[in-house]
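# Analysis of the macromolecular model
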Amino acid sequence: MELCSILRPECTTCATPGSKKKVLELISDLVAAQYPTLSSQEIFESLVAREKVGSTGIGNGIAIPHGRLADIDQPIAVLIKCEEPIAFDAIDKQPVDILFALLVPADQCQQHLSTLSCMAEKLSDKQILKQLRKTHDETELYQVITG
C-alpha cells in the first residue's frame, strides 16, 4: 500500500499539542475535518481505548496511535511532528515528537497490522527520522514521509 493513498497532506501537521490527550484530540479533529461523516469524538474514543491497552509509544521519540472504526472502508493516516516533545508513556520512557496515527476499518485486522509494521519500519530508518525532525512545515513533512 502506498502511504500517499492513506495519508492526505491535510492530515500532516507540525504542532505543539502539549499533552498525550491533546495530541489524540488533534488527530481526531484533523481526521473529522477531512472526513465529515466521521465524528471527532468517536475517533478520539477509539484512540483512547487502544492506549488503555498499552501505550503506542514505541521508543526513540515515536508513537503510532491507532484505532478501529466501523464507519470507514479505507485506512486513514495522520502524521504529526511535535515542536515540543510530549510525555506519551513510551516503552523507553522518553517523550514523543513524531506521531503516525492510523485508523482502520474494524473488519480489516490483517491489513492494519501490515500497515503498522511498514510504518514502524519506515520510522526506524535513522535518515528518515532525522529529516522529519528537521522539517518545520507540513508540506516538507508530507514530502519526507511519502518520498
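The protein has the name Nitrogen regulatory protein in an unreviewed UniProt entry, where Shewanella morhuae is given as its organism.

Across its full length, the protein carries five helices and six strands. Mapped from its N terminus to its C terminus, the protein presents α and β elements in the order β-α-α-β-β-β-β-β-α-α-α. Taken over C-alpha atoms, the radius of gyration comes to 14 Å for the protein, in line with the 15 Å a tight globule of 147 residues would show. Taking the principal axes of the C-alpha coordinates as reference, the protein spans close to 35 × 30 × 25 Å. Counting only residues that meet the buried cut, the protein has 48% of its 147 residues in that class. Partitioning the intrachain contacts of the protein with sequence separation of at least 6 by distance along the chain shows that 67% fall at a separation of at least 24. Accessible surface for the protein amounts to roughly 7,400 Å². Of this, 51% is attributable to carbon and sulfur atoms. Positive and negative charge centroids in the protein, built from 14 and 20 side chains respectively, lie 7 Å apart.

Strand S6 (residues 96–105) sits mainly inside the fold: ten of its ten residues count as buried. When strand S3 (residues 62–63) meets S6, the two strands line up parallel, connected through two bridges. Counted as the bridge partner of Ile62 is Ile98 from S6. Strand direction decides the pairing type here: strand S4 (residues 66–69) and S6, joined by four bridges, are parallel.

Looking now at the packing of aromatic side chains. According to the stated counting rule, one finds zero aromatic pairs in the structure shown. When the ring centre of Tyr35 is taken as reference, the NZ or CZ atom of Arg8 above it lies at 4.2 Å.

About the thresholds
Residues numbered from 1 in each chain as written. Predicted model: local features only at pLDDT ≥ 70, side-chain atom pairs only at ≥ 80, totals over all residues. Heavy atoms only, no water. Helix = DSSP H or I, 4+ residues; strand = E, 2+ residues; numbered from the N terminus. Rg over C-alpha atoms; globule rule 2.2 N^0.38 Å. Buried < 20%, exposed > 50% of the residue type's maximum accessible area, 1.4 Å probe, protein only. Contact = heavy atoms within 4.5 Å. Areas by Shrake-Rupley, 256 points an atom, 1.4 Å probe, with all protein chains shown as cover. Lys, Arg positive; Asp, Glu negative; His and termini not counted. Charge placed at Lys NZ, Arg CZ, Asp CG, Glu CD. Pairing = 2+ DSSP bridges. Phe/Tyr/Trp six-rings, centres within 6.5 Å; stacked < 30°, edge-to-face > 60°. Lys NZ or Arg CZ within 6 Å of the ring centre and 35° of its normal.

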